[in-house]
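# Notes for the structure review
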Amino acid sequence: MPRLAATWRGLVAAAAALLTVVAVPSSAEAGSGGVPPSAPRDGAGVRAHDPKAPPEFVALRDVDPTIIQEIRYATRHDFLGVPATGYREPMCILTRDAARALHRAQLSFLRRGYSLKVYDCYRPQRAVSHFVAWAKDLSDQRMKAEFYPRVDKSVLFRDGYIAEKSGHSRGSTVDLTLVPLPALPTRPYVPGEPLSSCFAPKAARFPDSSLDMGTGFDCFDTLAHTLDPRIRGQQRANRLFLKAGLERAGFVNYAPEWWHYTFTPETFPDTYFDFPIARSSLRHR
């Protein structure tokens, strides 16, 4: 326990130091701007005519490297069963205001022995369009057993699980959870492996290092509603713990999804962006 406590104190100190050491300068993002040869996820590579992010966008890792990132749409472990279009690197990009607020929330959680883990942050419009095209293809049911076992794919639009626009594309919305420290890695998903329902007991769901929130991430089911009365005991307490910590930092929960939060006021409340998720999308001065 003394060693574990020291580890937590070290994480808190490191994260706190970022307020003055990193401080997220308003003009630039660090980094080479290049993309490794294996990085492109949508077959497009990095093109000169790809749109760039406004300077108000930053890489979360440059603001707070202690926040765990498990960017699901850059992998095949999502409801699509393939990486989403536009996710060229597995990284979290947010508006600077949202990233700083998430850093403040992380400081609070670290002091209590937990870390935030983000599943998704900024989402390009091309990825949203990919979701829409997938939803219209009723023959593609490969991930149903995990992500929407009780919902017919034909009603995903009607029931609001899929939409043609997403607040994520405005850059101040994030999908996230809490992980007890010391954080354990999530094992890799093996395409084609047997799937378990997202609302099965935690021990039966795909192993995730997070607290038990009653369902897995991206569970298309009413049990994912943050305050669903069927979620009780420790599961409900975990959801409320996450909610309270994020609300103190300025985030607002989207009631149908316990993992979905938006920082307010949004930097771009009416603008939907389509630059790909890659370091090279961030502007440098």
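For the structure, check the block above.
One structure accompanies this document, and this report is about it. The structure presented is a predicted model; accordingly, all values stated were derived computationally and were not measured.

### Thoughts on the state of the cysteines
In the structure shown here, the tally under the stated rule is two disulfides. Residue Cys198 pairs covalently with Cys219 via a disulfide, S to S 2.0 Å. The S-S bond linking Cys198 to Cys219 shows a torsion near 55 degrees; that makes this disulfide right-handed. Here the residue Cys198 occupies a position in the loop between β5 (173-180) and α6 (233-248), and Cys219 occupies one in the loop between β5 and α6, the gap between them amounting to 21 residues. Numbered by order of appearance in the sequence, the disulfide-linked cysteines of the protein pair as 1-2, 3-4.

### Here we look at the pattern of salt bridges
Per the counting criterion, the structure on display carries 18 salt bridges. Residues Asp212 and Arg205 are paired through a salt bridge, measuring 2.9 Å at the closest nitrogen-oxygen approach. Grouping residues by exposure puts Asp212 and Arg205 together as buried. Taking the shortest distance from any N to any O, the salt bridge between Asp228 and Arg230 comes out at 2.9 Å. Salt bridges linked by common partners bring Asp50, Arg88, Arg126 and Asp274 together as one network.

### Structural notes on the pairing of β5
In terms of residue burial, β5 counts as a mostly covered element, since seven of its eight residues are buried. Bridging between strand β4 (residues 114-120) and β5 involves six bridges; their strand directions are antiparallel. Along β5, the bridge assignment pairs Leu116 with Leu178. Pairing between β5 and strand β7 (residues 260-263): three bridges, direction antiparallel. Following the sheet pairing, Thr173 is matched in β7 by Thr262.

Conventions used here
- Residues numbered from 1 in each chain as written.
- Predicted model: local features only at pLDDT ≥ 70, side-chain atom pairs only at ≥ 80, totals over all residues.
- Heavy atoms only, no water.
- Disulfide = S-S within 2.5 Å.
- Helix = DSSP H or I, 4+ residues; strand = E, 2+ residues; numbered from the N terminus.
- Salt bridge = Lys/Arg side-chain N within 4 Å of Asp/Glu carboxyl O.
- Buried < 20%, exposed > 50% of the residue type's maximum accessible area, 1.4 Å probe, protein only.
- Pairing = 2+ DSSP bridges.

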